[in-house]
Amino acid sequence: MTARPRTMPLRVAAAIPLSPTLKAFTLIPADGGLVPPSGPGAHLRLNLPVPGRMLKNAYSLISNPADRSHLAIIVRRVAGSKGGSAFLHEEVEDGDVIEAGLPANLFPVVRTARRHLMVSGGIGLTPFLAYIAAFEAAGTPWELHHFCRPDERGVFEGLLARYPAARVHLHCDVDLGVLDEALLRQPLGTHFYTCGPALLMDTVMERAAALGWPRARLHSESFGGAAEGGEPFIAVLRRSGLEVAVGADTSLLAAIEAAGVEAPCLCRGGACGQCLIEVAEGIPEHRDHFLDGEERASNRLIMTCVSRSRTARLVLDL
Amino acid sequence: MLISDIKSRPVYERLSLDGAGRRHLVLSDAPRPLGEVIDGTDGADAPLGYWIVAATSAVDAQPQAEAAPGNAAPVEWRAFRAASHLLDRLSHRLAQETVGLRLYAIGEEGFIWDVARMAREAGLEPSECFTAHAGSLRRKVFCVHCKTVTSGVTTSIAVCEGCGAHLVVRDHFSRMHAAFMGVQADAEAPGELPPVEEVFP
């Protein structure tokens with residue numbers, strides 16, 4: 001059995017500044033052909049060689065998943081970050097080749113929904129650009145409420161200009177009361193999605209729950225990439241006796257793989273549960289969205305793709 | 001010949017008002033006092049409808065406000081001639097509804113799963129629609145051979161209304177058909193039938 005390739009080279013076909021801090025990238029396969037399939041809500045992990053190390057930053061795909069000629073992302077330049085966004089803004093130009101992981105989706109659309117209500121803030125609009133392309137193609141009703149700063153209103157208006165004005169609601173004030181009105185008039189079968197700053201997502205999820213929306217209808221983007229990094233520790237693989245040093249900037253799963261051990265995994269974002277491993281000794285620092293409270297408290301299970309260790313050593317049944 | 005421990009066999013709990021709902025609609029396939037079928041309606045301030053099947057032509061299904069105990073909102077009460085009458089109005093109601101509704105159904109399994117199917121088709125999530133069993137245990141039986149659903153089955157072996165086969169009534173339950181699975185009882189030895197027992201009174 002040949003291992004599925006984990007990365008692919010992508011060529012920058014266009015790098016277009018949208019604002020002083022927003023830049024759009026169109027990426028095509030460096031070796032020609034079609035880009036791998038993805039679904040609305042999927043993200044792309046880019047390998048970014050910044051001085052001294054390799055960052056693996058995840059960006060939501062904004063391109064229409066049905067169009068396999070290219071992938072597209074928008075990157076916000078973030079001050080005080082690890083430097084990935086600055087690298088993309090300053091160093092990457094048309095024609096450059098970037099190594100990228102295959103698209104993965106931790107924020108999929110609910111296919112059985114009759115209607116989709118989306119609430120985004122700032123750059124959190126990006127996954128919804130792919131959503132909307134898919135909804136328009138399928139003819140599924142949708143409604144978007146986007147919150148942004150007044151100076152960026154024009155940028156987001158431009159990104160949404162091709163869509164029916166009645167479906168798009170741009171807000172530059174922080175009055176969330178306008179959302180109550182929208183939440184109260186959605187027909188049965190509507191699903192709700194939010195992506196943006198954590199405070200916005202928490203607030204709107206709470207508003208929806210207070211207005212009678214059950215958990216099953218509420219969906220928020222979970223940034224798998226944000227979970228990487230932390231205190232270094234030693235992972236002991238009990239079956240082989242191998243001791244793996246997990247550095248401050250690598251994940252447990254990546255460190256295990258780098259040691260040549262094949263560990264189960266699928267989404268690499270703490271969502272699917274495929275990478276679940278039993279913990280023999282030590283206390284995990286859980287960062288996943290999969291384990292329930294009881295499983296977390298038992299300290300007997302860990303999801304290697306995002307979770308780390310509270311103790312200096314973590315002994316795994318691997 | 002009944003096969004127990006079948007996972008698809010629904011398990012029911014007593015109905016309880018979901019406090020997170022903005023509107024509640026309780027459906028019963030027979031006249032029953034509201035407090036008997038569901039807990040938590042005392043003091044609930046969200047609007048609540050209670051629709052029952054009266055099984056008589058003497059009712060008109062018109063809404064009647066009934067004072068609720070405590071300081072709760074009044075209950076909108078309606079009586080229908082038959083289950084089909086109620087389900088017909090329910091489909092119209094669900095088409096007008098918005099997210100925030102909670103639906104509750106109590107009665108025989110054929111009725112409550114007809115409601116559940118209608119709810120699902122209208123876009124309600126399982127966490128917005130609750131069912132509880134009351135009344136007869138008689139079953140709807142889906143013939144796996146001719147696909148006919150035979151209603152009102154109370155015995156371990158039933159004659160299919162479609163093809164006349166003698167069917168073993170199993171515990172396998174289909175939420176889509178709101179019916180239990182029926183399989184020909186004498187397929188291997190024609191004419192040899194196990195004794196018929198009254199098992200779903």
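As the structure is a prediction and not an experimental result, all values here were calculated from the model.

All names here are of chain A. Two numbers describe how helix α4 (residues 177–184) lies on helix α5 (residues 198–210): the axes approach to 10 Å, and their chain directions differ by 45°. On the basis of their axis angle, the class for α4 and α5 is oblique. Judged by the twist between their axes, the crossing of α4 over α5 is right-handed. Residue-level inspection shows Leu179, Asp180 and Leu183 of α4 in contact with α5, the latter providing Val204, Arg207 and Ala208. Residues that form the contact of α4 with α5 fall into these classes: 4 nonpolar, no polar and 2 charged.

All names here are of chain B. Domain parsing of chain B yields domain 1 (15–133) and domain 2 (136–201). Inter-centroid distance (C-alpha atoms) of domain 1 to domain 2 is 30 Å. Counting from both sides, the interface comprises 7 residues of domain 1 and, opposite them, 8 residues of domain 2. Looking at the side of domain 1 that touches domain 2, its residues break down into 2 nonpolar, 1 polar and 4 charged.

A separate point is the interface of chain A and chain B. Listed per partner, the contact involves 15 residues of chain A and 15 residues of chain B. Split into classes, the residues belonging to the side of chain A that touches chain B amount to 8 nonpolar, 4 polar and 3 charged.

Quick look at the packing of helix α2 (residues 83–96) of chain B against helix α3 (residues 109–121) of chain B now. All names here are of chain B. For the pair α2 and α3, interaxial distance at closest approach is 10 Å and the crossing angle is 20°. Accordingly, the angle class assigned to the pair α2 and α3 is roughly parallel. Crossing of α2 against α3: the hand is right-handed. For the pair formed by α2 and α3, the contact residues are Ala83, Leu87, Leu90, Ser91 and Leu94 on the first element and Phe111, Asp114, Met118 and Ala119 on the second.

Residue and element names in this part refer to chain A. Read from one edge to the other, the open sheet built from 5 strands follows the order β14-β13-β19-β15-β17, with strand pairing classed as mixed. The sheet terminates laterally at β14 (242–246) and β17 (301–303), the two strands that pair on one side only. Put simply, the sheet's adjacent strands are angled 40° from each other on average, direction ignored. Here 3 bridges tie strand β15 (residues 276–281) to β17, and the two strands are oriented antiparallel to one another. Across the sheet, residue Glu278 finds its bridge partner in β17, namely Leu301.

Let's shift gears to the sheet that holds strand β8 (residues 129–133) of chain B. All names here are of chain B. With mixed pairing, 6 strands are arranged side by side in an open sheet as β5-β6-β4-β2-β7-β8. A strand with exactly one partner marks an edge of an open sheet, and here the two such strands are β5 (64–66) and β8. Direction aside, neighbouring strands of the sheet carry axes that sit 20° apart on average. Sheet topology note: the strand β2 (residues 23–28)/strand β7 (residues 101–107) ladder contains 6 bridges and is parallel. Paired with Ser28 across the strands is Ile106, a residue of β7. Taken strand by strand, α2 contacts β2, β4 (48–53) and β6 (75–80), and its axis lies near 150° from that of β4. In this fold α3 packs onto β2, β7 and β8, with an angle of close to 160° to the strand it touches most, β7.

Turning to the pairing of strand β10 (residues 168–171) of chain A, a few remarks are in order. Residue and element names in this part refer to chain A. Pairing of strand β9 (residues 142–147) with β10, which is carried by 4 bridges, proceeds in the parallel orientation. Bridging from a neighbouring strand, His146 pairs with Leu170 of β10. The parallel pair β9 and β10, bridged by helix α3 (residues 153–160), forms a crossover whose chirality is right-handed.

All right, on to the domain arrangement of chain A then. According to the domain assignment, chain A consists of domain 1 (7–105), domain 2 (115–221) and domain 3 (226–316). For domain 1 of chain A versus domain 3 of chain A, the separation of C-alpha centres amounts to 27 Å.

Residue and element names in this part refer to chain A. On the secondary structure map, Glu136 appears in helix α2 (residues 126–138). Owing to 15 C-beta atoms within 10 Å, Glu136 belongs among the partly exposed residues under this scheme. For the pair Glu136 and Pro164, spaced 28 residues apart in sequence, the C-alpha separation works out to 9.9 Å.

This paragraph deals with the UniProt feature "domain: Dimethylamine monooxygenase subunit DmmA-like C-terminal" (unreviewed entry) in chain B. Per the UniProt annotation, the sites labelled "domain: Dimethylamine monooxygenase subunit DmmA-like C-terminal" (unreviewed entry) are residues 140–183 of chain B. Measuring from the first to the last C-alpha atom of residues 140–183 of chain B gives 13 Å, for a span that is 0% helix and 59% strand.

Attention shifts here to the nonpolar core. In summary, soluble globular proteins display a tendency toward joint burial of nonpolar side chains. In this structure, Ile73 of chain A together with Tyr104, Ala105 and Val141 of chain B are the most contacted members of the largest nonpolar core, which totals 103 residues. Residues contacting Ala105 of chain B, with those up to four places away along its chain left out, are Leu27, Phe111, Ile112, Val115, Ala116 and Thr131 of chain B. Ranked by size, the runner-up nonpolar core spans 23 residues in total, among them Phe233, Val246, Cys275 and Val279 of chain A.

With that settled, the discussion passes to α3 of chain A. All names here are of chain A. Of all the residues in α3, the buried ones are Phe156, Leu159 and Leu160. The buried side chains of α3 occupy one side of the element, clustering within an arc of 90° when seen end-on. Across from the buried face of α3, at angles greater than 90 degrees, the exposed residues are Gly154 and Gly158. Elements in contact with the buried residues of α3: α2, β9 and β10.

On to the environment of Ala248 of chain A, then. Mapped onto the elements, Ala248 of chain A comes out in the loop between β14 and α6 (252–258). Apart from the residues within four sequence positions on either side, Ala248 of chain A is in contact with Gly229, Gly230, Glu231 and Pro232 of chain A.

This part is about the pairing of strand β5 (residues 71–76) of chain A. Two faces belong to every sheet, and in a regular strand the side chains alternate between them. Residue and element names in this part refer to chain A. When you tally the buried positions in β5, you get 5 out of 6 residues, the bulk of the element. When strand β2 (residues 22–29) meets β5, the two strands line up antiparallel, connected through 6 bridges. Within β5, the residue paired with Thr26 across the bridge is Ala72.

Parameters and conventions
Residues numbered from 1 in each chain as written. Chains lettered and ligands numbered in written order. Predicted model: local features only at pLDDT ≥ 70, side-chain atom pairs only at ≥ 80, totals over all residues. Axes fitted to C-alpha atoms, helices over the stretch in contact; angles between N-to-C directions. Helix = DSSP H or I, 4+ residues; strand = E, 2+ residues; numbered from the N terminus. Parallel < 35°, antiparallel > 145°, perpendicular 65-115°, else oblique. Left-handed = near helix turned anticlockwise from the far one by under 90°. Contact = placed C-beta atoms within 7 Å. Nonpolar A, V, L, I, M, F, W, Y, C, P; charged D, E, K, R; others polar. Domains from an automatic or database assignment. Pairing = 2+ DSSP bridges. Right-handed = clockwise from strand over helix to strand, strands pointing away. Buried ≥ 20, exposed ≤ 12 C-beta atoms within 10 Å, placed from the backbone. UniProt positions renumbered as here; feature names shortened; annotations may be inferred. Core = buried A, V, L, I, M, F, W, Y, C linked by C-beta atoms within 7 Å. Arc of directions from axis to C-beta.

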